[in-house]
Amino acid sequence: EAAVTQSPRNKVAVTGGKVTLSCNQTNNHNNMYWYRQDTGHGLRLIHYSYGAGSTEKGDIPDGYKASRPSQENFSLILELATPSQTSVYFCASGARDTGNTLYFGEGSRLIVV
Amino acid sequence: GDKVKQSPSALSLQEGTNSALRCNFSIAATTVQWFLQNPRGSLINLFYLVPGTKENGRLKSAFDSKESYSTLHIRDAQLEDSGTYFCAAEVYAGAKLTFGGGTRLTVRP
């Protein structure tokens, strides 16, 4: 089964600070995704990637950047964190040859004060 | 409006009973996935579906792309089935998934 590891698992950041959430997957999946989960909104897609060097905007990309330096790693970057970005962030990976079944990490809880 | 709408939003079941969750799509979904988010917050993939049905133990799921809906049937509900169930749809294979708002299931002893 796919292993998707997120770090940090918990983070408190100050408004205006920079936050980087990291995701590593060990099963050589092509696709990787960043979602945020908020009460009342379910899971919303921020950025995704089809492979190393590729990043695509999801449904709510404003205020976020993404980086995919390798097949295994996909980072979500908040250059200027705001309290509205307080949320739980999930990374996921999927491989097209298995029908893009998604495997999720355990989540990263971010609080921006 | 919601592209992927789940119903009901919440459900309480007696242990040992059966129920069905539904997902309606206003997008041209070609594949559907169902996930369970357990009380610890972990998201577990239950099914990946092209049009048709799949079964795994006490769970059975169906996806009808022409009528734009999917269902998840839970048979003989157990306490460990409690959590939030999400469906998610792709418009084409390998595309981004759009999630529904979830159904929170509580199984009572």
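Residues numbered from 1 in each chain as written. Chains lettered and ligands numbered in written order. Predicted model: local features only at pLDDT ≥ 70, side-chain atom pairs only at ≥ 80, totals over all residues. Heavy atoms only, no water.

What follows deals with the overall build of chain B. Of regular secondary structure, chain B possesses 0 helices and 11 strands. Secondary structure elements in chain B, listed N-terminal to C-terminal, are β-β-β-β-β-β-β-β-β-β-β. In terms of overall size, chain B behaves like a compact globule, its C-alpha atoms giving a radius of gyration of 13 Å where 109 residues would be expected to give roughly 13 Å. Seen through its principal axes, chain B has C-alpha atoms that stretch 40 × 25 × 20 Å. By residue count, 48% of the 109 residues in chain B fall in the buried class. In chain B, once contacts between residues fewer than 6 apart in sequence are set aside, the share between residues at least 24 apart is 53%. Accessible area for chain B stands at about 5300 Å²; split by element, carbon and sulfur atoms hold 50% of it. (Helix = DSSP H or I, 4+ residues; strand = E, 2+ residues; numbered from the N terminus. Rg over C-alpha atoms; globule rule 2.2 N^0.38 Å. Buried < 20%, exposed > 50% of the residue type's maximum accessible area, 1.4 Å probe, protein only. Contact = heavy atoms within 4.5 Å. Areas by Shrake-Rupley, 256 points an atom, 1.4 Å probe, with all protein chains shown as cover.)

The next point concerns the sheet that holds strand E1 (residues 4-7) of chain B. All names here are of chain B. Ordered by their spatial adjacency, 5 strands build an open sheet running E1-E3-E8-E7-E6, and the pairing between neighbours is antiparallel. Each of the sheet's edge strands pairs with one partner strand only, and the pair in question is E1 and strand E6 (52-56). The average undirected angle you get between the axes of adjacent strands in this sheet is 15 degrees. Examined bridge by bridge, strand E3 (residues 19-25) and strand E8 (residues 69-74) share 6 bridges and lie antiparallel to one another. (Pairing = 2+ DSSP bridges. Axes fitted to C-alpha atoms, helices over the stretch in contact; angles between N-to-C directions.)

Time to look at the sheet that holds strand E3 (residues 19-25) of chain A. Where strands meet in a sheet, backbone hydrogen bonds hold them as pairs that are either parallel or antiparallel. Residue and element names in this part refer to chain A. Pairing within the open sheet is antiparallel, and its 4 strands lie in the order E1-E3-E8-E7. The sheet is open, and its two borders are formed by strand E1 (4-7) and strand E7 (65-67), each paired with just one other strand. The sheet shows a mean angle of 20 degrees between the axes of neighbouring strands, taken without regard to direction. Across 6 bridges, the pairing between E3 and strand E8 (residues 73-78) is antiparallel. Among the inter-strand pairings, Cys-23 is bridged to a residue of E8, identified as Phe-74.

On the surface, Val-12, Val-14, Ile-111 and Val-113 of chain A cluster together into a nonpolar patch covering about 370 Å² of accessible area. Residue position: Val-12 of chain A is located in strand E2 (residues 10-13). (Patch = residues over 30% accessible without salt bridge, like charges linked within 9 Å, V, L, I, M, F, W, Y side chains within 5 Å. Salt bridge = Lys/Arg side-chain N within 4 Å of Asp/Glu carboxyl O.)

Note that every value here comes from positions in space, so none of it alone points to a role or purpose.
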